[in-house]
Amino acid sequence: LFGTIVWILVASTQIPLPLLQGWVMFVAVTAWFLSIVFLSVFLFGYANRIAVNWNQADFIFHGATFVFYFGAFLLQAATTSLHYLPRKFNSTTQERILSGREYNISIAASV
């Protein structure tokens, strides 16, 4: 559920730095997809047929997801912090990289 919310929030923002937010989207989509696969394994009863230590697999999955989501949080927060920088340094107009609405969406995606 939260991965879907992050996916929607990041996808709805303007992307000033595609490399940073591309990684955030990759983590959110991959974690969402793997969570659905993990849930399906248990719902359809494949967990009883596959000889795997599911406690250890669950621990590894959530540990790896935590590490990737934490890295994605840092990158999304770094993108959000660019709100106050001007888009064009040599221009006379001070156009911001993120608008007020996009700044608020980026904050929500970071949290």
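Under the annotation held in an unreviewed UniProt entry, the protein carries the name MAL2 protein and is attributed to Pomatostomus ruficeps. Quoted verbatim from the Subcellular location (unreviewed entry) field of the UniProt record, the comment on the protein reads "Membrane".

What follows is about a nonpolar patch on the surface. Judged by side-chain polarity, Leu 39, Leu 43, Phe 44, Tyr 46, Ile 50 and Val 52 come together as a nonpolar surface patch covering roughly 610 Å² of accessible area. Along the polypeptide, Leu 43 turns up in helix 2 (residues 18–43).

This part takes up the nonpolar core. One broad rule of soluble globular proteins: the nonpolar side chains tend to lie buried together. If you look at the biggest cluster of nonpolar residues, it comprises eight residues: Val 6, Val 10, Val 24, Met 25, Val 27, Ala 28, Ala 72 and Ala 109. Mapped onto this core, the elements with two or more residues apiece are helix 1 (2–11) and helix 2. Per-element tally for this core: the top contributor is helix 2, with four residues. What Ala 109 contacts, discounting residues up to four positions off in sequence, is Val 6, Leu 9, Val 10 and Gln 76. Membership of the second largest hydrophobic core comes to five residues, among which are Val 41, Ala 47, Trp 54 and Phe 61.

Here we take up the packing of aromatic side chains. As enumerated under the stated definition, the model contains eight aromatic pairs in all. Both rings, one in Phe 38 and one in Phe 42, keep their centres 5.5 Å apart while their planes meet at 85°; by these two values the pair is edge-to-face. On the criterion of helical spacing, the pair formed by Phe 38 and Phe 42 is a turn pair, its members being four residues apart in helix 2. A ring pair is formed by Phe 42 and Trp 54, whose centres lie 5.3 Å apart and whose planes are at 65°; its orientation type is edge-to-face. Of this pair, Phe 42 sits in helix 2 while Trp 54 sits in helix 4 (residues 54–80), and the two are twelve residues apart along the sequence. A residue is classified by how much of its surface remains accessible, and Phe 42, at 42% relative accessible area, is partly exposed. Ring pairs connect the aromatic residues Phe 38, Phe 42, Trp 54 and Phe 61, which therefore count as one cluster.

Cut-off values and rules
Residues numbered from 1 in each chain as written. Predicted model: local features only at pLDDT ≥ 70, side-chain atom pairs only at ≥ 80, totals over all residues. Heavy atoms only, no water. UniProt positions renumbered as here; feature names shortened; annotations may be inferred. Patch = residues over 30% accessible without salt bridge, like charges linked within 9 Å, V, L, I, M, F, W, Y side chains within 5 Å. Areas by Shrake-Rupley, 256 points an atom, 1.4 Å probe, with all protein chains shown as cover. Salt bridge = Lys/Arg side-chain N within 4 Å of Asp/Glu carboxyl O. Helix = DSSP H or I, 4+ residues; strand = E, 2+ residues; numbered from the N terminus. Core = buried A, V, L, I, M, F, W, Y, C linked by side-chain atoms within 4.5 Å. Buried < 20%, exposed > 50% of the residue type's maximum accessible area, 1.4 Å probe, protein only. Contact = heavy atoms within 4.5 Å. Phe/Tyr/Trp six-rings, centres within 6.5 Å; stacked < 30°, edge-to-face > 60°.

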